[in-house]
Amino acid sequence: MDYSILAVQLMTGLAYGMLLFMMATGLTIIFGLLNVINLAHGALFMVGGYVALTFVKEYTNFWIALLLTIVVMAIIGVLIERFLLNRMYGKEFEQVLLTFGLIFVLSDGAKWIWGSSPQAIPVPEALRFAVTIGDISFPAYRLFVVLIGCIFALILWYLEAKTRIGAIIRAGVDDREMLGALGINFKLVFTGVFCFGAGLAGLSGALGAPILGLYVGMDGDILILSLVIVVIGGLGTWKGAFIGAILVGMIDTLGRIWFPQISMAIIFALMVIVLLIKPSGLFGKEVKA
Amino acid sequence: MNKQLPLAVIVVLILFALPLVLSNYGMRLTTEIYVMSIFVLSLGFIIGFAGLVSLGHAAFFGLSAYTVALLSKHVSTNTYFLILAAVLVAALMAFITGYLFVKTSGAYFLMITMAFSQVLYAIFHQTRSLGGADGLSVNASLDLGFGAIRGTYPMYYFMLICFLICYFLLHRYIHSPAGKATIGVKENEDRMKALGYKTRNYKLIAYTISGAMAGFAGALYAYFNHFVSPESLAWHKSGEALIMAIIGGASFLYGPPIGAAIFVVLQNYISTYTERWPIIMGVLFIALVLTRRGGVADVLNLLWRKLTGADRKESATETTPTVQSGVSKEGSGE
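Quick caveat, the model's predicted, so the values are computed rather than measured.

> I tried to follow the overall build of chain A on my own but got confused; where do I start?
The helix and strand tally for chain A stands at 11 helices and two strands. Beginning at the N terminus, the succession of helices and strands in chain A can be written as α-α-α-α-β-β-α-α-α-α-α-α-α. Taken against the 2.2 N^0.38 rule, which gives 19 Å for 289 residues, the C-alpha radius of gyration of chain A at 19 Å falls within 12% of a compact globule. When the backbone C-alpha atoms are referred to their principal axes, chain A occupies close to 60 × 45 × 35 Å. Within chain A, buried positions represent 52% of all 289 residues. Within chain A, residue pairs in contact and separated by at least 24 positions form 75% of the contacts whose partners lie at least 6 positions apart.

This is the structure we're talking about:
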């Protein structure tokens, strides 16, 4: 095996892992606080990619499109939380079913609006070059995605450890009732968290579109990988999502090259092993799983 | 229960007489409904009576369909052998995965079953010798020893009888001591543990039975459709089955078949007018969940009790409000 190829693949895996990390963070925080697995999260990712595509065509500037996409997806997130999930407050199973129904609406809606042929967003011009180190060259855009992922992890760490919002969310994950008793408007917190998660899905969808392309069925692919990440890392913890996403991104990318038929099976085996040894996931708080 | 026996007999008679009024197309559709009903019944059984909500049940369905396709190509075309092998493969797979998965509950169970079925999908999708993305055709015909069963009428009656047998077996199981213990585990696992029941075993048995039955449905589907594609394993298929079970109401055994019938008829009817069936289905489904009335079976049951005025005499199984109440605590293991 040529080392330079391996290094490039590792970087590709890392970039993919970072996209998955941003996805899975939304999923895992929503679960930690609302107790709902948002099954529509993959669909939000995909719609985010398509929305970015439209904005790129409209404004031709990738960065404006990226910002607008985050805003649009965050608004969609607020609408979903306010008008659907909110009505089923305290009934988690119904809420999961609602998000499940949303998959069909969102993914078929995307097919309706944007058609079913695969599309892609071109890599933004500013990043259309390769970074060469020794005899290895990486596409700059992927390095950029990795950088965004790392910055995002730092921001999350800062938010969680140092700010009031972080404290409220940590408290909410631990004990929802107590949070309400302390006089915090947790309905607002729920909406905020869902909005945050949807915005993140939009961000990662838009960032991912130049790498992964946009195709029918990508919502399912992404959702499954995110679920695996969340299970491996532990529900409700973004640190777990970070480690899990890097693992899954690497295994998926390298597995596709070396064992194309069983790359999914390897990821799944990893998940089963983690669950058997530590049912709450690598970083999960002890749950009765 | 005896009060409902005449009703059950009437329904069965109607099902047997249906070919008198149905068109050829209607018969094929109804035959498909029977096959799907067996599949959805197996899923509804673990949701409504064991509290296990799976989003990967198509794994067993598709695996059996593939078993029939592959074995008929390479080994033998004997119907008994093929169906038995398919059911055994599904049961074995359900037992092994169930042994690992049943430990978990609620959200974890849902995610892990979904991921598992997706793994099978990926393997079948990417392996050329297993048909790959194109799928496999099934070159075997149903033959129970007295001539091949083909054509609309024989198929209709064969699938109907298969469906009735499955329904009857599940009905017996639910009313057996083991079945009642399973319901107890769903209602209150800690209490059943305190009473000395090995709760995990009951869940595992239910899951294995359900997997075997889903496998049976998959084998029948292979014969019905003469073709197996990797999509029959994918989570979309599982999701459809879940929707059917919820539409029908999973807390009653007769809910899932009703759900399957509504789903398949609507799907065929609406698909002739528009390609946007998934959106319509999604919206309908969301609306149904938002009304919080449970499935069709819950509504029917309410009507039946009002009509007969027998509110109090219902058995414990029948008064379980909705499937949702049993699993609403999922994931909240604090």
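> Whenever I open this one, the overall build of chain B confuses me. Can you help?
For chain B, the count of helices and strands is 14 helices and four strands. The C-alpha radius of gyration computed for chain B amounts to 20 Å, which stays within 12% of the reference 20 Å derived for 334 residues, consistent with globular compactness. With the C-alpha coordinates of chain B rotated into their principal frame, the extents come out at 55 × 45 × 40 Å. Among the 334 residues that make up chain B, the fraction classed as buried is 50%.

> Teacher, can you tell me more about helix 5 (residues 106–126) of chain B here?
Helix length check: helix 5 of chain B, at 21 residues, gives a terminal C-alpha distance of 31 Å against a target of 30 Å (1.5 Å per residue), a fit within 8%. The element helix 5 of chain B is largely enclosed, with a buried count of 19 among its 21 residues.

> Would you explain the nonpolar core in this entry?
Proteins that are soluble and globular tend to have nonpolar side chains buried together. Counting residues in each nonpolar core, the largest one holds 202 residues, and the members touching the most others are V228 of chain A together with I38, A90 and A115 of chain B. Dropping the residues within four chain positions of it, V228 of chain A is found in contact with V248, I267 and M271 of chain A together with A115 of chain B.

> Help me understand the interface of chain A and chain B in this model?
One frequent convention defines the size of an interface as the accessible area lost when the parts assemble. On the chain B side, the residues contacting the 38 residues of chain A number 38 residues. Only helix 4 (92–114), helix 9 (218–233) and helix 11 (263–277) of chain A provide two or more residues apiece to the side of chain A that touches chain B. Examining the composition of the side of chain A that touches chain B, we find that 13 residues originate from one element, helix 4 of chain A, more than from any other. Among the residues forming the side of chain A that touches chain B, the class breakdown is 27 nonpolar, five polar and six charged.

> Is there a simple way to think about the packing of helix 2 (residues 41–59) of chain A against helix 8 (residues 186–212) of chain A in this case?
The axes of two packed helices give the description: the angle between them and the distance between them. All names here are of chain A. Running from N to C, helix 2 and helix 8 cross one another at 55°; their axes reach a closest spacing of 7 Å. Comparing the axis directions of helix 2 and helix 8 gives the class oblique. Crossing handedness for the pair helix 2 and helix 8: right-handed. In this structure, helix 2 contributes H41, L44, F45, M46, G48, G49, V51, A52 and L53 to the contact, and helix 8 contributes A198, A201, G202, S204, G205, A206, G208 and A209. Among the residues making up the contact of helix 2 with helix 8, the classes are represented as 10 nonpolar, seven polar and no charged.

> Whenever I open this one, the pairing of strand 1 (residues 130–133) of chain A confuses me. Can you help?
Regular strands have side chains that alternate between both faces of the sheet. Residues and elements named next belong to chain A. The sheet contact formed by strand 1 and strand 2 (residues 136–139) spans four bridges and is antiparallel. Considered in strand 2, the bridge of A130 is made with P139. Count of turn residues in the strand 1/strand 2 antiparallel hairpin: two residues, of which G134 carries a positive phi of about 60°.

> Is there a simple way to think about the environment of M155 of chain B in this case?
Residues and elements named next belong to chain B. With respect to the helices and strands, M155 occurs in helix 6 (residues 152–174). A residue is classified by how many C-beta atoms lie within 10 Å of it, and M155, with 21 of them, is buried. Measuring from C-alpha to C-alpha, the distance between M155 and K186 comes to 37 Å, with 31 residues separating the pair along the chain. Residues in contact with M155, not counting those within four places in the same chain, are T31, I149 and R150.

> Would you take a moment to explain the packing of helix 4 of chain A against helix 12 (residues 277–291) of chain B for this structure?
Running from N to C, helix 4 of chain A and helix 12 of chain B cross one another at 160°; their axes reach a closest spacing of 8 Å. Taken together, the axes of helix 4 of chain A and helix 12 of chain B lie roughly antiparallel to each other. Judged by the twist between their axes, the crossing of helix 4 of chain A over helix 12 of chain B is left-handed. Only P278, I279, M281, G282, V283, F285, I286 and V289 of chain B of helix 12 of chain B make contact with helix 4 of chain A, whose side of the interface consists of E94, L97, L98, G101, L102, F104, V105, D108 and G109 of chain A. Residue composition of the contact of helix 4 of chain A with helix 12 of chain B, grouped by class: 12 nonpolar, three polar and two charged.

> What should I look at first to understand the environment of G48 of chain B in this one?
Take G48 of chain B: it is sitting in helix 2 (residues 24–50). G48 of chain B sits 226 residues away from T274 of chain B along the chain, and the two C-alpha atoms are 33 Å apart.

> Where do I start with helix 10 (residues 235–248) of chain B in this structure?
Note on helix geometry: an α-helix contains 3.6 residues per turn, so any two residues three or four positions apart are oriented the same way. All names here are of chain B. Between the first and last C-alpha of helix 10 there are 20 Å, a value that for 14 residues agrees with the 20 Å anticipated at 1.5 Å per step. Most of helix 10 sits out of view: 13 of its 14 residues are buried. Note on helix 10: the residue one or two positions beyond its end, G249, has a positive phi of about 100°.

> How do you make sense of unusual backbone geometry when you look at a structure like this?
Working note: non-glycine residues mostly have negative phi, and peptide bonds are mostly trans. In this model, N35 of chain A sits at a positive phi of 65°, which is unusual for a non-glycine residue. Within the secondary structure layout, N35 of chain A lies in the loop between helix 1 (3–34) and helix 2. What makes N35 of chain A buried here is the crowd of 25 C-beta atoms within 10 Å. Of note, the phi angle at H226 of chain B is positive, near 55°, even though the residue is not glycine. Here H226 of chain B shows up in the loop between helix 9 (199–225) and strand 4 (227–228).

> I tried to follow the environment of F259 of chain A on my own but got confused; where do I start?
Within the element layout of this structure, F259 of chain A appears in the loop between helix 10 (238–258) and helix 11. Between the C-alpha atoms of F259 of chain A and F144 of chain A, which are 115 residues apart in sequence, the distance is 28 Å.

> Would you mind showing me how to read the confidence of the model for chain B here?
The predicted coordinates should not be examined in detail at positions where pLDDT is low. All names here are of chain B. Per-residue pLDDT for chain B has a mean of 84; in total, 92% of the residues score no lower than 70. Low pLDDT (under 50) marks residues 313–334, which in the prediction has 41 contacts with non-local residues, meaning those over four places away or in another chain. Our summary of model confidence lists the complex with pTM equal to 0.85 and ipTM equal to 0.84.

> Is there a simple way to think about the confidence of the model for chain A in this case?
For chain A, per-residue confidence averages 86 on the pLDDT scale, and 98% of positions sit at 70 or higher. Per-element mean pLDDT across chain A ranges from 79 in helix 7 (residues 176–181) of chain A up to 92 in helix 3 (residues 62–83) of chain A.

Each value, and the rule that gives it
- Residues numbered from 1 in each chain as written.
- Chains lettered and ligands numbered in written order.
- Predicted model: local features only at pLDDT ≥ 70, side-chain atom pairs only at ≥ 80, totals over all residues.
- Helix = DSSP H or I, 4+ residues; strand = E, 2+ residues; numbered from the N terminus.
- Rg over C-alpha atoms; globule rule 2.2 N^0.38 Å.
- Buried ≥ 20, exposed ≤ 12 C-beta atoms within 10 Å, placed from the backbone.
- Contact = placed C-beta atoms within 7 Å.
- Expected span 1.5 Å × (residues − 1).
- Core = buried A, V, L, I, M, F, W, Y, C linked by C-beta atoms within 7 Å.
- Nonpolar A, V, L, I, M, F, W, Y, C, P; charged D, E, K, R; others polar.
- Axes fitted to C-alpha atoms, helices over the stretch in contact; angles between N-to-C directions.
- Parallel < 35°, antiparallel > 145°, perpendicular 65-115°, else oblique.
- Left-handed = near helix turned anticlockwise from the far one by under 90°.
- Pairing = 2+ DSSP bridges.
- pLDDT = per-residue confidence, 0-100.

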